[in-house]
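Coordinate inspection notes
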Amino acid sequence: MKKTLFVSDLDGTLLTQDQRLSSFTLSTINALVDEGMLFTYATARSLETASAVTQGLKTSAPRVLYNGAFICDDTAAPIISHVFDDADKAIVDDILSAGLYPIVYSLIDGAEKFSFVSDKVNECGAQFLNTRKHCARYNPVSEIGDLYKGDIFYILCIDTEQKLAPLYAKYKNDCNCIFSNDIYTGNIWLEITPRTATKANALTELKNMLDCRLVVFGDGKNDIDMFAVADECYAVENACEALKDVATAVIGPNRSDSVAKQLKELFYRS
């Protein structure tokens, strides 16, 4: 019988509303991993911010970051990466032409950076950036041209629905676009990554690499695609309705250690 890879989203799913792991979730998952459970997470976060909120958590398979742009091993080295080609950098042109100033994530000289024009950031963008001022990736620039440096793999715009909707409509079929409210601030985000940078693609690659079944947990729109490629998929009670509609089952909310409890039940049942 094939082993099963269990994969959880972080924010709104495995993490509590204050962006942490409860002691119950931490000890339960670590004990299951020690017993042989294949477990990892798939998140929109970077390795840096994901590692910060999952400190002490054991994983036993590569981690999926930036909604599938990277799959990283235990050394933090990317096993697989998806970046925009030079032609796709014209997306930044369109965003600027719309009067918006994006936060652009790139690999510059081998180092991960998120760049933004420091005197053009709006209030919502500044709110986001202020929580990341001490990140090594923090890269304020003074020239718009600096936004194009390196290999771009993720573009973030935070603004009004009215301003962001036309860009979403334009790129949703050619890129991987997530247009939603941030679960912590309520601000409207448009996230744009290469078409191949999805949780579904990354987890399909992992599934083939490990030759295993796939069971996933999530809460948001960016989890719908990975639910489609999973053998079983579980939405937390606080998930969006679109995700609940395609779930194998709906479990309890993220605030109640529901993923850890379900993992324990499923692991011992397999």
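In the block above lies the structure referred to throughout.
Residues numbered from 1 in each chain as written. Predicted model: local features only at pLDDT ≥ 70, side-chain atom pairs only at ≥ 80, totals over all residues. Heavy atoms only, no water.

A few words on the environment of Asn173. With respect to the helices and strands, the residue Asn173 is situated in the loop between α6 (161–171) and β10 (176–181). Sequence separation between Asn173 and Val246 is 73 residues; the distance between their C-alpha atoms is 21 Å. (Helix = DSSP H or I, 4+ residues; strand = E, 2+ residues; numbered from the N terminus.)

Bringing the sheet that holds strand β7 (residues 111–117) into the picture now. Taken in spatial order, the 6 strands make up an open sheet running β8-β7-β6-β9-β11-β10, and their pairing is mixed. With one partner strand each, in any of the chains shown, β8 (138–141) and β10 form the two edges of the open sheet. For this sheet, the mean inter-axis angle between neighbouring strands, taken without regard to orientation, is 20 degrees. In this sheet, strand β9 (residues 151–159) lies alongside strand β6 (residues 103–108) in antiparallel orientation, the contact comprising 5 bridges. Bridge assignment links Tyr105 to a residue of β9, and that residue is Tyr154. Against the sheet, helix α5 (residues 123–130) touches β6, β7, β8, β9 and β11 (188–193), its axis set at about 125 degrees to β9. (Pairing = 2+ DSSP bridges. Axes fitted to C-alpha atoms, helices over the stretch in contact; angles between N-to-C directions. Contact = heavy atoms within 4.5 Å.)

Axis separation between helix α4 (residues 90–97) and α6 bottoms out at 10 Å; the angle between their running directions is 155 degrees. The angle between α4 and α6 falls in the class roughly antiparallel. Classified by chirality, the crossing of α6 by α4 is right-handed. Residues Ala90, Ile91, Asp94 and Ile95 of α4 pack against Leu167, Lys170 and Tyr171 of α6. Considered class by class, the residues forming the contact of α4 with α6 number 5 nonpolar, no polar and 2 charged. (Parallel < 35°, antiparallel > 145°, perpendicular 65-115°, else oblique. Left-handed = near helix turned anticlockwise from the far one by under 90°. Nonpolar A, V, L, I, M, F, W, Y, C, P; charged D, E, K, R; others polar.)

Attention shifts here to α5. Along α5, the positions that sit buried rather than exposed are Gly125, Phe128 and Leu129. Viewed along the axis of α5, the buried residues span an arc of 95 degrees, placing them on a single side of the element. Where α5 is buried, its residues contact β6, β7, β8, β9 and β11. Structurally, the start of α5 carries an N-cap: the backbone nitrogen of Cys124 is 3.3 Å from a side-chain oxygen of Asn122. (Buried < 20%, exposed > 50% of the residue type's maximum accessible area, 1.4 Å probe, protein only. Arc of directions from axis to C-beta. Polar contact = N/O pair within 3.5 Å; in protein donor to acceptor, adjacent residues only side chain to side chain.)

The next point concerns the pattern of salt bridges. Evaluation of the coordinates by the stated rule reveals 16 salt bridges. Between Asp9 and Lys199 there is a salt bridge, and its shortest N-O distance comes to 3.1 Å. Linking Asp9 in the loop between β1 (4–8) and α1 (10–14) with Lys199 in helix α7 (residues 199–210), this pair joins segments that are 190 residues apart in sequence. Comparing Asp9 with Lys199, the two get one shared label, buried. Taking the shortest distance from any N to any O, the salt bridge between Glu241 and Lys244 comes out at 3.5 Å. Linking Glu241 with Lys244, this pair stays in helix α9 (residues 241–245), spanning 3 residues, or about one helical turn. (Salt bridge = Lys/Arg side-chain N within 4 Å of Asp/Glu carboxyl O.)

Attention shifts here to α4. Among the residues of α4, those classed as buried are Ile91, Val92, Ile95 and Leu96. The buried residues of α4 occupy an angular sector of 135 degrees when projected down its axis, which confines them to one face. Where α4 is buried, its residues contact β6, β9, α6 and β11. Just downstream of α4, Gly99 is the residue with a positive phi angle, here 80 degrees.

That's the geometry; what it means functionally is another story.
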